[in-house]
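Descriptive analysis of the structure
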Amino acid sequence: MDYQTPLHNQAAITDDDMLNDDSDASITSTHETEEESPLQLAIDDLESRIVGSLNEFKGHSGKASTPGRGIHDELEAILRPVVEASAHIGPQTARAVYTSFRTLYDLESVVDTVYTKINSELILPVLLESAQSEMMPAKRAASLRVFHVLYLEWGKGGSWLDGGVVSATLGPYGTEQSVGMISEQEKQRRIGMRSLRRSELLRRWVQACIPNLSQTFTSDALDAGAAGRGVISASAAIKPCLRFIAERIGEADDAGALRLFLPVMRMIEKVLGRIFLEASTGGEKENDALRSSCIKFLEIVVLCFSQKALPGMGSQLASRMKKDTIGVNDFSLEDIPPGHPIITRENLEEIGEYAFTTLRGLVFLGGQAKIDPSLLADAVASAAASANDALSGTSPFQQILTVIKPAALAFQKIESDGEKSTLDRSTIEMEFFLTQKSYSISINAVQLLATKRPMFFKEASTCLANRAMDPPGGVSGDAESFLSKSATVAIRTHLRSSCLTLLRHILSVTSGCSDILVKALTQSGMQAQAERALEASTKQLTLMKGGRAARTRAQIFYEWDQTADLSRAKKRQRDTDDAEARVKAAKLARGLGSGIQLPRSMSDSCELVLLNLKNLPSSRPPVPSSVQRSQCVSLDLVVDAVISNGAVLSMDEDHWFDRDGGHAWTIEEGELNDDGKKELIYQCKTTEENAKFVEQSRVAASKAFSRVLSSTSSNPSGAAANLAKKLAARLAWMLQDEDTDQTEFSSRNPLIHSCLEYDVNAPVSVLDQKGEKGHSSAELSARVLNEMYVNSLAKKPDDSQQKQLYKECLDHYVGSVVSANSGVSDNDKKRTANYAALALPHQLLISPSLTASSLNLVASFCDIEEVSKKAVKNSKQSIVESASLHAAKAAAEKRATAALLVLRDLAFQRDNIRGSAIGCAVAIAAGRLPASPPIQDKALKLVMNIIFLKNDDCASKVIESATFELESVVKSSIENHSKILSAKEGSDEEKAAIDGVLKPVVLFMALCVRRPEIIKVIMEASCRERADIMAKAVKANMPKLAKAASAKHGAANIALSVADMASEKETPLLLSFLDNLAPANDKTLPSQELIDACHEIQRKRSIGETKDSRYIIPIVSGMKRVDLEKALPEFVQDSDETFKASLKRMSERLKRYGLIFRDEPDANETTLRGMSSCEQIVFLHRIDFNSIGLPQKRYLDVIRLCLEDDQVFNDRVIQAALDHISGQFLQGVPLPLAYMRTIILTCSKHESLHSWICHVLLPRLVEGKVYTDKRQWEGWMRCAKMLENTGDLGVSSTEAIACLPPDQLKIYRTKYPKT
């Protein structure tokens, strides 16, 4: 059967099947369909995987088989595929089957079938059976654990209990985008199914817990282990079950709530029986883990069966307390709606109160007091007499009260006796004692209940305070002597800390418990802590009752007393500082330092030198034998040796500038000059040769400059360092070698190069002293640049050589900073380079002049692609290496961002360099200057959102730079046209070429949105000859341009503007722009203003009387159908491509109406817009081609084109159109000329319509007397002949032929005799 057959055609096929009595064939066909059902195949695959894991679990020995891995982890890993299949793969499979076979299945039935097969009939029963009857405790525990995991996993998105029926995720049914909108009735059905699935899972979970809570194994150890896991699972299940019961009561489903409530009550009774009833038989002391789990469960029961709010508390205080006490997973009696005949708050609250009393007894007594048998019998009788027997059986509350009430009453009797006289613990009979673990859990439970449930605060505080005053091992008795000494100390500490915690709570003040808590802490030696805690709780209560302003101004703090420790620490620090000061003072007094610093007094200096003569070495340092000593030992030598700490004794004797200094020169006055000044004559008194003297002069100058340069950073005095920088900058320019023929800047200006490099690579110790902001306007590099700039202006303002030298110096400085931050691995060098990079923006902003080349060097900071690639994590990198690379990447991105900010500031502050700065930023955004993608995005945002909007001058320069980048890529695409043309379409070469022009295009299009008049520029550039790749990039991004421009300027206005700018050569781009103004994926129809604008564009760009219909194709989906009917001949007369495009746009928003010929809602008003596929076929047939001068051949060809496009005009569309025309024919409307020809072509192309044509269409035409029209009659006979003997079972035109009148039948048989 063809599942695409419409309903009215299925009836016809069913009638034919009824004539076929071959029942075996139909049965075989049905059987084969069931065997090949995709849903059944998917379920079989799921079940096979689930059964495999379950079989492995069932066959496991229950003992760990892998060394180092626990049995529980091993079993969990085995059952993990079961959980995945149940919670996630199952719903995914259901959605996938429905998505792939929508015509075969209904979504709800698929989901229900998958759930039933894999969960209700397979996983849940098997897990329940394992949890109830498995003989290995570990396997029982694993089965119980799976129920909890399933509940969590089913609640996740897309699973069975996902509550997304009103959100984007519709549980196992998928999203609304994938399955479509659903009705409110269907939503309610899905909510009901979700509730049933949740009920089934919770019920089976509780049923799995109950058997494990009874005596199951003969071995005490195995039984305790199984029971402990059962209690843990019951603790996890109780709150979800109670929450579901509350929801059922709220939905008035009393029976559904009771179905789960009864097993839950039985589960609670079983857990309480494990701790109280079975403990009385003895043999439970070693089961501390089980007892601890039961106490924790008892805490949960109290939480669930008690009120959150404290009765009588003020509304404001209660609301604020509620925020503190309510958790995400909290549940209380307020959550249970009233109205259920059995499940009432009063009965549950009674259970909670007795359970809390029992907990207090465990804490106060250190165990459970002996239960009187007669008291137990009375409690059972009382519960039986007072129970509301609504179900003709045992009340669900009776069993719990039978267990918990005697235990609570036993403690209450002891508590009342203790109030009358001093309690003697040695006389109390106990059922069992608590160990350290279970005792700590009991204390924590009472403390938590006090804070979470204010109604229990007073009783809990009193219990803990009394126990803290009479702790284990105290004077009231030695019944707890079984606790070790360390356990006793730990429990005492725990009790005191709990009392202190409760005292800090505001309820300690409001409930009046603060006195007994302070008393207990004072007795334990914690009076100071108690007073501060009480003060804090009082302040907190005052603020809670106060207004918002009071709470805002408050500064609540709590700190321990550390006054004494702080004072001692300060005294030690003060003593240390005084000692260092005394040492420094003594050192200065002695004159020690770098060598010896002579006092100002000459007599004191002489005395100090004479005293230090004994510190000189006994012999002079050895020197080479070839060196002749030219100095004799004199007082000057001794003084120099003392001052220099002996350095002068080992100096090079050949260096006269070290030996004699200024004494080697004589200065004489010469004759008067013309200006009245005397010339000074310098003469050296040295005896060395002249060449040696020149060489030593150079060495002396170099050493002097080195000392000056080093003092710029090493001198502790800021003024001295500043002076050294001035001297170094001046000397660097004065000591140039003007006669050198070197071309390199560093070779021609070695001292300038040294200054810049020294400043960029300053020692780390110096930079650490200055901090990151150590580089300022007074730094050496800035002074060197300023010195050169001043010299260039002082000598000759128009001296190009000096300006070129300054340009080279600036470029060298920026290049040094950039290179210092490239490929550095040493940590100290990294820090130095980082300081230089941080100082660069300020240095550039204060520089007297900047150049375009220096800005290009600054932009090179943005090239961090190599660093980003290295930072990508791979398996060969260690954690340290990866962290280091990521830190390097972050630092590089920071430097790149700083470079962009420098370009921004220069563009705003420097008029002479604004164009270059903007050009660099645009080049980075356009991709011409290398940069990583994130930095390119930042540059694009900087250009568009900041620089362009600054002022008109910045905007014009941005457009100028963007135009330059656009021209560059156009030129490149033209030059590489032949290479790109030879590459295959979609190849890597073509993609690389498009990527190369994409960024400038995107940038320029973004500017076009701000300045629509420049759209002309990009259209002209894209339409140049051989710029095909450019045109592709522009067309690919035309949707973004059209959308943004229409949103900013209006679709109609921007369409008219672009049309006025576009020339005839740019028509393809104009059509692309118009086409994207009304995209097919837009949910709204084109506006009437845009429709009018497109018609205006068509009118303006028409040639004579010929209209180009391409200009109105984008808006045909918004035109009225009556107007489209008039314009249809224009599209028919155009080319085949234009004709097909127009038909596609007409019906793009009418997919759901493709098989319908719509009727106007109001006959007097035309409102229908667009034209469906069915309507297109109908109106094409009814074109009056003679009246519009359309050749008949073209009229027939366009219909044939439509029939050939079976993707759009499929058999169902053709059937609907032919059916509508034939229906109109019966109403008296003549058949179109091409109608019978279309039927004949349909017979040849669509075999699926043969049956409909034979049994419906041809008889209908005979009924309308088609034989009265000679042309149509001829076509009818040819069609009938084609289908008369097709050979298909049940498909023949014989019946239609038999319907002909006798005369026409005779004519037909005359022309086509029966064979």
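The rules behind each value
- Residues numbered from 1 in each chain as written.
- Predicted model: local features only at pLDDT ≥ 70, side-chain atom pairs only at ≥ 80, totals over all residues.
- Heavy atoms only, no water.
- Helix = DSSP H or I, 4+ residues; strand = E, 2+ residues; numbered from the N terminus.
- Contact = heavy atoms within 4.5 Å.
- Areas by Shrake-Rupley, 256 points an atom, 1.4 Å probe, with all protein chains shown as cover.
- Buried < 20%, exposed > 50% of the residue type's maximum accessible area, 1.4 Å probe, protein only.
- Axes fitted to C-alpha atoms, helices over the stretch in contact; angles between N-to-C directions.
- Parallel < 35°, antiparallel > 145°, perpendicular 65-115°, else oblique.
- Left-handed = near helix turned anticlockwise from the far one by under 90°.
- Nonpolar A, V, L, I, M, F, W, Y, C, P; charged D, E, K, R; others polar.
- Phe/Tyr/Trp six-rings, centres within 6.5 Å; stacked < 30°, edge-to-face > 60°.
- Core = buried A, V, L, I, M, F, W, Y, C linked by side-chain atoms within 4.5 Å.

A tally of regular secondary structure across the chain gives 58 helices and six strands. Counting contacts in the chain only where the partners sit at least 6 residues apart, residues at least 24 apart contribute 72% of the total. Carbon and sulfur atoms form 52% of the exposed surface of the chain, whose accessible area is close to 67400 Å².

Here the focus is unusual backbone geometry. A positive phi angle, near 65°, is found at Ala252, a position not held by glycine. With respect to the element layout, Ala252 can be found in the loop between helix H9 (220-250) and helix H10 (254-275). Relative accessible area serves as the criterion here: at 64%, Ala252 is assigned to the exposed category. A positive phi angle, close to 70°, is found at Arg1026, a residue other than glycine. Along the chain, Arg1026 turns up in the loop between helix H43 (1015-1022) and helix H44 (1028-1036).

Right, let's get into the packing of H9 against H10. Across the interface, H9 lies against H10 with an axial gap of 9 Å and an inter-helix angle of 150°. By the angle class used here, H9 and H10 are roughly antiparallel. Crossing of H9 against H10: the hand is left-handed. On H10, the residues touching Asp223, Ala227, Val231, Ala234, Ile238, Cys241, Phe244, Ile245, Arg248 and Ile249 of H9 are Gly256, Ala257, Leu260, Phe261, Val264, Met267, Ile268, Val271 and Arg274. Classifying every residue of the contact of H9 with H10 gives 15 nonpolar, one polar and three charged.

The next thing to look at is the packing of aromatic side chains. If you walk through the whole model with that rule in mind, you get eleven aromatic pairs. Consider the rings of Phe261 and Phe397, whose centres lie 5.7 Å apart with planes at 55°: the pair is tilted. With Phe261 in helix H10 and Phe397 in the loop between helix H14 (373-386) and helix H15 (398-420), this pair connects stretches of sequence that are 136 residues apart. One exposure class covers both Phe261 and Phe397, and it is buried. With 5.5 Å between their ring centres and 50° between their planes, Tyr1308 and Tyr1312 make a pair best called tilted. Since its relative accessible area comes to 0%, Tyr1308 is described here as buried.

Generally speaking, soluble globular proteins have nonpolar side chains that are buried together. Ile1018, Ile1239, Ile1253, Leu1261 and Trp1276 are the most contacted members of the largest nonpolar core, which totals 180 residues. The residues touching Ile1018, leaving out its near neighbours within four places in the chain, are Leu966, Val1001, Phe1004, Met1005, Cys1008 and Val1034. Judged by nonpolar contacts, the second largest core, of 146 residues, contains Leu201, Ile404, Phe411 and Met430.

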